[in-house]
Amino acid sequence: MRYNEKELQALSRQPAEMAAELGMRGPKKGSVVKRRLVKLVVNFLFYFRTDEAEPIGALLLEHCRVTREEPSGFCISFVDTERKYHFECCSEEQCQEWIEALRRASYEFMRRSLIFYRNEIQKMTGKDPLEQFGISEEARFQLSSLKA
């Protein structure tokens, strides 16, 4: 995926939905757990060395699976590749908070939520809530509109 490094760094400085120092182990064989500052901003998970202001990496949270591992750990694995990142939290509660936040962070989750709530509002009011913003019926974000 292409990205603009300066824009990504600017995004990493934005307020985080969640941030914490976690144990992190990367996808390479033999990699060890290292303490990292992990910061969730929109649908990017940035990770930093604990003593540095610039991120050393970022994970785009699309087409990935977040699963619990052990009582206080979770894993992010990507559908298209073998990449798997492991994280260790301080408690089971912190781990559950991270898992829920990461699952809500993807564009796909937000899109499905928009569709659901838009349909619910339309059922209740009889009006399309996005019509006032000039979004036409044809431009609805329906899952069935995607054709291969």
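Placed above this text is the structure.
Residues numbered from 1 in each chain as written. Predicted model: local features only at pLDDT ≥ 70, side-chain atom pairs only at ≥ 80, totals over all residues. Heavy atoms only, no water.

(A) Examining the overall build of the protein more closely. Scanning the protein from terminus to terminus reveals three helices and seven strands. When the elements of the protein are put in sequence order from the N terminus, they spell out α-β-β-β-β-β-β-β-α-α. Taking all 148 residues of the protein together, 33% fall into the buried category. Here the contacts in the protein between residues at least 6 apart in sequence split such that 42% fall between residues at least 24 apart. Carbon together with sulfur atoms contributes 52% to the accessible area of the protein, which is approximately 10,200 Å² in total. (Helix = DSSP H or I, 4+ residues; strand = E, 2+ residues; numbered from the N terminus. Buried < 20%, exposed > 50% of the residue type's maximum accessible area, 1.4 Å probe, protein only. Contact = heavy atoms within 4.5 Å. Areas by Shrake-Rupley, 256 points an atom, 1.4 Å probe, with all protein chains shown as cover.)

(B) Broad picture of the nonpolar core. Within the largest apolar cluster, 23 residues are counted, with the highest numbers of intra-cluster contacts made by Leu40, Leu45, Phe74, Ile76, Phe87, Trp98 and Leu102. Tallying contributions element by element places helix 2 (residues 92-104) first for this core, with five residues. Excluding anything up to four places from it in sequence, phenylalanine 87 contacts Leu22, Gly23, Met24, Val38, Leu45, Leu59, Ser72, Gly73, Phe74 and Ile76. (Core = buried A, V, L, I, M, F, W, Y, C linked by side-chain atoms within 4.5 Å.)

(C) Quick look at the pattern of salt bridges. Inspection of every chain in the model, using the stated rule, returns six salt bridges. Across the pair arginine 13 and glutamate 54 runs a salt bridge, and its minimum N-O distance is 3.0 Å. Here glutamate 54 lies in the loop between strand 3 (44-49) and strand 4 (57-60) and arginine 13 lies in the loop between helix 1 (5-12) and strand 1 (18-25), a separation of 41 residues in the sequence. Among the salt bridges present, the one from glutamate 52 reaches arginine 49, with a minimum N-O distance of 3.5 Å. A residue is classified by how much of its surface remains accessible, and glutamate 52, at 37% relative accessible area, is partly exposed. (Salt bridge = Lys/Arg side-chain N within 4 Å of Asp/Glu carboxyl O.)

(D) Examining the pairing of strand 6 (residues 73-78) more closely. The buried fraction of strand 6 amounts to six of the six residues, a majority that puts the element mostly inside the structure. Alternating residues of strand 6 divide into Gly73, Cys75 and Ser77 and Phe74, Ile76 and Phe78, and every residue in both groups is buried. Two elements, strand 5 (residues 64-69) and strand 6, share six bridges in a ladder whose sense is antiparallel. Bridging from a neighbouring strand, arginine 68 pairs with phenylalanine 74 of strand 6. The antiparallel hairpin formed by strand 5 and strand 6 contains three residues in its connecting segment, where glutamate 70 sits at a positive phi of about 60°. In the sheet, strand 6 pairs with strand 7 (residues 84-88) via five bridges, with the strands oriented antiparallel. (Pairing = 2+ DSSP bridges.)

(E) Up close: a nonpolar patch on the surface. Among the surface-exposed residues, Val42, Phe109 and Met110 lie close enough to one another that they form a single nonpolar patch of about 250 Å² accessible area. Relative to the helices and strands, phenylalanine 109 resides in helix 3 (residues 107-125). (Patch = residues over 30% accessible without salt bridge, like charges linked within 9 Å, V, L, I, M, F, W, Y side chains within 5 Å.)

(F) Summary view of helix 3. When the terminal C-alpha atoms of helix 3 are compared, their 27 Å separation across 19 residues agrees well with the 27 Å that a helix rising 1.5 Å per residue should span. Buried within helix 3 are the following residues: Arg111, Ser113, Ile115 and Arg118. Immediately downstream of helix 3, the backbone of glycine 126 shows phi near 80°, a positive value. (Expected span 1.5 Å × (residues − 1).)

(G) The side chain of glutamate 62, seen in detail. Topologically, glutamate 62 is positioned in the loop between strand 4 and strand 5. Within the structure, glutamate 62 has its side chain in polar contact with the side chain of asparagine 43 (distance 2.9 Å). Residue contacts for glutamate 62: discarding those within four places in its chain leaves Asn43, Phe78, Ser106, Tyr107 and Glu108. (Polar contact = N/O pair within 3.5 Å; in protein donor to acceptor, adjacent residues only side chain to side chain.)

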